[in-house]
Amino acid sequence: MAHLLVVEDDPQLRGALVRALRDKGHAVATAPSGMAGLDAAVTHRPDLVVLDLGLPDVDGAQILRMLRAVSDVPVIVATARDDEPEMVAILEDGADDYIIKPFGAAQLDARIKAVLRRLGATEVAEEPLRVGGLAIDPASREVTLDESPLDLTPREFELLAYLAHRPGQVVSRRELLAEVWQQPLGGADKTVDVHLSWLRRKLGETAQAPRYLHTVRTVGVKLTPPEGPSEEPPEEPPADQGPGAR
């Protein structure tokens, strides 16, 4: 599994890429514009960036040059342009590979793995994510709680996995809507709340008595391991010393 950043302005294509790459076992964040992508790449330091060239604010080639000035993160350029001199220029500007639209998820996944393997960045975090007794396996999309399997819907899994990548970090509903539901312009907070309620039920907890999912009022939600027992174990009674003991 790799942590990827997809910089793509088309919401339908962006959503399709996220679903396909997550199905391949990757963790995926997105940005809808060049400057947002540049900020996310520098701030969150993904393992690889998939960068569209036709962005609404700044051309992807310029974003690539700006990114290369501050980061050596691997970059695969995704573009509908197939002009060979331009592709050569893109590679000379620091792209590690490029892929021509339209392309399939399997082809993109293969190129991602090839770039990471070439740069020695593969074999990243293949083991399940663990938060307390929770084990989340992005590759198989299986979740266990205290070794017992949980039956989660695809959206419940994506929500839990997104939070598990940020244990102890408060994540806003707006971020969850943008990254899990692919609604960067916002949506109904009720959607997030309903799915959190369903997740809590399957985790054996409630909002009033949380164990893993903790709501921070007006801010968001965080996933943390449950606290251990705070009480000291009771002292054992003194050993019986026989009928003659005083």
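See the structure shown above.
Residues numbered from 1 in each chain as written. Predicted model: local features only at pLDDT ≥ 70, side-chain atom pairs only at ≥ 80, totals over all residues. Heavy atoms only, no water.

### Examining the overall build of the protein chain
What counts, and what does not: Secondary structure elements are defined from DSSP: runs of H or I of at least 4 residues count as helices, runs of E of at least 2 residues count as strands, and each element is numbered from the N terminus. Under the scheme applied here, a residue whose accessible area is under 20% of the maximum for its type counts as buried, over 50% as exposed, and between as partly exposed, the area being computed with a 1.4 Å probe on protein chains only. Between two residues, a contact is recorded if the distance between any of their heavy atoms is within 4.5 Å. Note on areas: these come from Shrake-Rupley sampling with a 1.4 Å probe, and a residue is covered only by the protein chains present in the view.
A count of helical and extended segments in the protein chain gives 8 helices and 11 strands. By the burial criterion, 41% of the 246 residues in the protein chain qualify as buried. For the protein chain, the proportion of contacts with a sequence separation of at least 24, taken over those separated by at least 6, is 55%. On the protein chain, roughly 13,700 Å² of surface is accessible, and the fraction owed to carbon and sulfur atoms is 50%.

### Things to note about the pattern of salt bridges
For clarity, the cut-off: Think of a salt bridge as a Lys or Arg side-chain nitrogen and an Asp or Glu carboxyl oxygen that are within 4 Å of each other.
By the definition in use, this model includes 12 salt bridges. With its nearest N and O atoms 3.0 Å apart, the salt bridge here joins Glu8 to Lys101. With Glu8 in the loop between β1 (3–7) and α1 (11–23) and Lys101 in the loop between β5 (97–100) and α5 (105–118), the pair connects residues that are 93 residues apart, well separated along the chain. Classification of Lys101 by relative accessible area gives partly exposed; the value is 22%.

### With respect to the sheet that holds strand β9 (residues 148–150)
Put simply, the rule reads: In short, DSSP must find at least two bridges between two strands for them to pair. Fitted lines through C-alpha atoms serve as axes, helices being fitted only where they are in contact, and the angles separating the N-to-C directions of these axes extend from 0 to 180 degrees.
Strand order in the open sheet made by the 4 strands is β6-β7-β8-β9, with antiparallel pairing throughout. One side of each edge strand has no neighbouring strand; the edge strands of this open sheet are β6 (129–131) and β9. The average undirected angle you get between the axes of adjacent strands in this sheet is 25°. In terms of strand pairing, β6 meets strand β7 (residues 134–137) through 3 bridges, oriented antiparallel. From the neighbouring strand, Val131 faces β7, where its bridge partner is Leu134. Strands β6, β7 and β8 (142–145) of the sheet are contacted by helix α6 (residues 154–164), whose axis makes an angle of about 110° with β7.

### Some words on unusual backbone geometry
With an omega of -5°, the peptide bond between Lys101 and Pro102 qualifies as cis. Residue position: Pro102 is located in the loop between β5 and α5. The phi dihedral of Glu147 is positive, around 75°, even though this residue is not glycine. Here Glu147 shows up in the loop between β8 and β9. Although it is not a glycine, Thr218 sits at a positive phi angle of roughly 65°. Relative to the elements of secondary structure, Thr218 occurs in the loop between β10 (213–216) and β11 (220–223).

### What to know about the packing of helix α2 (residues 34–44) against helix α3 (residues 60–68)
Short version of the rule: The labels follow the angle: roughly parallel below 35 degrees, roughly antiparallel above 145, roughly perpendicular from 65 to 115, and oblique for the rest. Here is the rule for handedness: rotate from the far helix to the near one, and if that takes an anticlockwise turn smaller than a right angle the crossing is left-handed, while a clockwise turn gives right-handed.
One can describe the packing of α2 onto α3 by two numbers: an axis separation of 10 Å at closest approach and a directional angle of 25°. Of the possible angle classes, the one that applies to α2 and α3 is roughly parallel. Like other packed secondary-structure pairs, α2 and α3 cross with a definite hand, here right-handed. Every residue of α3 that contacts α2 at Gly34, Met35, Leu38, Ala41 and Val42 is listed here: Ile63, Met66 and Leu67.

### Quick look at the packing of aromatic side chains
What counts is decided by this rule: Here a Phe, Tyr or Trp ring, Trp counted by its six-membered ring, pairs with any other such ring whose centre lies within 6.5 Å, and the pair is stacked when the planes are under 30 degrees apart, edge-to-face when over 60, and tilted otherwise. The rule for a charge over a ring is simple: NZ of Lys or CZ of Arg within 6 Å of the ring centre, and within 35 degrees of the ring normal.
For the structure shown, the criterion picks out 0 aromatic pairs. The aromatic ring of Tyr162 is capped on one face by Arg166, whose charged end is 3.6 Å from the ring centroid.

### Quick notes on the nonpolar core
For clarity, the cut-off: As used in this record, nonpolar core signifies buried Ala, Val, Leu, Ile, Met, Phe, Trp, Tyr and Cys residues forming a set joined through side-chain atoms within 4.5 Å.
Counting residues in hydrophobic clusters, the biggest one holds 28 residues, and the most contacted among them are Leu134, Ile136, Leu163, Leu176 and Leu223. Within the residue set of this core, elements represented by two or more residues are β6, β7, β8, α6, α7 (173–179), α8 (189–203) and β11. At 7 residues, the largest contribution of residues to this core is made by α6. When near neighbours in sequence (up to four residues on either side) are disregarded, Ile136 contacts Pro128, Leu129, Glu142, Val143, Phe157, Leu160, Ala161 and Ala164.

### Here we look at empty space enclosed by the protein
What counts, and what does not: The rule is simple: put a 1 Å grid over the protein atoms alone, call a set of points where a 1.4 Å probe fits but cannot get out a cavity, call an open set with protein on both sides within 12 Å along at least five of seven lines a pocket, and count a residue as lining if it has an atom within 4 Å of a point. Grid points are joined across faces, edges and corners, and a volume is the space filled by probe spheres set on the points. Note that Gly is not counted as nonpolar here; it falls among the polar residues with everything else outside the nonpolar set of Ala, Val, Leu, Ile, Met, Phe, Trp, Tyr, Cys and Pro and the charged set of Asp, Glu, Lys and Arg.
This model, assessed by the stated rule, comprises 1 cavity of 30 Å³ or more. Put simply, the largest cavity is a space of about 40 Å³. Considering the residues around the largest cavity, the lining is formed by Leu5, Val7, Gly37, Leu38, Ala41, Val49, Leu51, Ile63 and Leu67. Secondary-structure elements contributing two or more residues to the lining of the largest cavity are β1, α2, β3 (48–52) and α3. It is α2 that provides the largest number of residues to the lining of the largest cavity, a total of 3 residues. Taken together, the residues that form the lining of the largest cavity break down as 8 nonpolar, 1 polar and no charged.

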